[in-house]
Amino acid sequence: MNIANNLAFVVFPYLMLTVFVVGHIYRYVTDSLGWNARSSEFLEKKQLFYGATIFHWGILLTLLGHAGGLLIPQKVFDAVGINGDTHTMIAYYTGWLAGGAAFAGSVLLLIRRVTRRRIKATSLVNDYVTLIGLVIVTGLGFYNVVFGHFYVLDSVAPWIRSIVTFLPKPELMLGVPLSYKVHIVSALALLGFSPFSRLVHIWSAPFTYFPRRWILFRRSVADL
Ligand code: HEM
């Protein structure tokens, strides 16, 4: 039994997942008016447009790829004709695109936060921790795509499934390279931190905006 491995890949994940769930409930109950993205668009638009657009497209596609590629067992992909090598190749190219965008976008957002006077003046330590956390997690993920070339479909992927099905198999993580382990542990730490940051806005995506009826604004005669 490897104690450090069990701490990192059984105890820590469940601790962070518990903080994630309980933390969101606590934040929602105690700070419902602070539950937002803390938009800074009215202070600076141009850099935000590039940084936030590149980052959001990148991170949303990356999260989708992680969910689809790691949570669905390889035998399901095999059944539809996508073998392990093809799956890995798809992950590699989409990882370059989506992971690269998430990393580049988070770096742009961090640069904006430290270089624009108005943004810097209104930033909280929490905003820096969030962005630096995202730069580290996406940076390590992108590093693994570009330089890692480790086959995750019989190690990291079944380990994640073992965690979410409450049948943990930490031994699957023993032979995984360090850069992958640090990526996973830092992503879990960010997951645990997220309920106490602006990242709560992820759960309030305005999906009802699309099917809702237009709102017509008309000036009253007195305004003209
Ligand atoms: C569910 C879909 C999402 C929507 C609709 C959304 C929407 C938004 C909006 C409206 C802002 C404010 C931008 C501004 O300052 O005006 C924002 C900022 C931000 N979002 Fe999201 N977001 C989503 C998902 C995510 C995800 C998955 C992450 C990261 C895991 C994320 C991380 C951030 C960060 C770090 C900022 C702050 C950027 C900055 O000001 O430096 N968002 N988001």
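Residues numbered from 1 in each chain as written. Predicted model: local features only at pLDDT ≥ 70, side-chain atom pairs only at ≥ 80, totals over all residues. Heavy atoms only, no water.

Novice: Is there a simple way to explain the coordination of the iron atom of the ligand in this structure?
Specialist: Octahedral six-donor coordination of a metal ideally yields angles of 90 or 180 degrees, compared with 109.5 degrees for tetrahedral four-donor coordination. Only His56 (NE2) and His201 (NE2) from the protein coordinate the iron atom of the ligand, and they sit 2.0 Å from it. Angles of 87 to 180° at the metal separate the six donor atoms of the iron atom of the ligand, which places the site in the octahedral class. Within this pair, whereas histidine 56 is found in helix H2 (residues 46-71), its partner histidine 201 is found in the segment after helix H8 (178-193), the two being separated by 145 residues in sequence. Looking at histidine 56, the relative accessible area reads 34%, which means it is partly exposed. (Donors = N, O, S within 2.8 Å, 3.2 Å for Na, K, Ca; no water. Tetrahedral: all angles 85-135°; square planar, octahedral: opposite > 155°, others 65-115°. Helix = DSSP H or I, 4+ residues; strand = E, 2+ residues; numbered from the N terminus. Buried < 20%, exposed > 50% of the residue type's maximum accessible area, 1.4 Å probe, protein only.)

Novice: Looking at this model, I keep getting lost on the side chain of glutamine 74. Mind explaining?
Specialist: Tracing the sequence through the fold places glutamine 74 in helix H3 (residues 74-79). A polar atom in the side chain of glutamine 74 sits 2.7 Å from the side chain of histidine 87. Apart from residues lying up to four places away in sequence, glutamine 74 is in contact with Ile82, Asn83, Gly84, His87, Leu153 and Arg161. (Polar contact = N/O pair within 3.5 Å; in protein donor to acceptor, adjacent residues only side chain to side chain. Contact = heavy atoms within 4.5 Å.)

Novice: Even after reading the chapter, I still don't get the site of the ligand, so can you show me in this structure?
Specialist: In the vicinity of the ligand, 21 residues are found, and the nearest of them are Ser39, His56, Arg113, Arg198 and His201. Between an oxygen atom of the ligand and a side-chain N or O atom of serine 39, the distance comes to 2.5 Å. Residue histidine 56 places a side-chain N or O atom 2.8 Å away from a nitrogen atom belonging to the ligand. Counting residues per element, the ones that place at least two in the shell around the ligand are H2, helix H4 (84-115) and helix H6 (125-148). In terms of residues, the shell around the ligand owes the most to one element, H2, which gives six residues. Looking at the shell around the ligand residue by residue, the class counts come to 13 nonpolar, four polar and four charged. (Near = heavy atom within 4 Å. Nonpolar A, V, L, I, M, F, W, Y, C, P; charged D, E, K, R; others polar.)

Novice: Hey, could you run me through the nonpolar core in this one?
Specialist: Membership of the largest hydrophobic core comes to 16 residues, with the highest contact counts inside it found for Phe9, Val152, Val156, Trp159, Met173, Val176 and Ile184. For this core, the secondary structure elements donating two or more residues are helix H1 (3-30), helix H7 (156-164) and H8. Here phenylalanine 9 is in contact with Trp159, Ile163, Met173, Lys181, Ile184 and Val185, once residues within four sequence places are set aside. Counting 11 residues, the second largest nonpolar core, distinct from the first, contains Leu48, Ala102, Leu134 and Leu190. (Core = buried A, V, L, I, M, F, W, Y, C linked by side-chain atoms within 4.5 Å.)

Novice: How should I be thinking about the pattern of salt bridges in this particular structure?
Specialist: Two side chains bearing opposite charge may form a pair once their charged atoms approach each other closely. Scanning the model with the defined rule gives six salt bridges in all. Between arginine 27 and aspartate 31 there is a salt bridge, with its nearest N and O atoms 2.9 Å apart. Of the residues examined, arginine 27 reaches a relative accessible area of 12% and is grouped as buried. On the accessibility criterion, aspartate 31 (29% relative accessible area) is partly exposed. The shortest N-O distance in the salt bridge between arginine 38 and aspartate 127 comes to 2.9 Å. With arginine 38 in the loop between H1 and H2 and aspartate 127 in helix H6, the pair connects residues that are 89 residues apart, well separated along the chain. (Salt bridge = Lys/Arg side-chain N within 4 Å of Asp/Glu carboxyl O.)

Novice: Honestly, the environment of proline 158 in this entry has me stumped. Any pointers?
Specialist: With respect to the helices, strands and loops of the structure, proline 158 is situated in helix H7. The sequence separation of proline 158 and valine 182 amounts to 24 residues, and the corresponding C-alpha distance is 18 Å.

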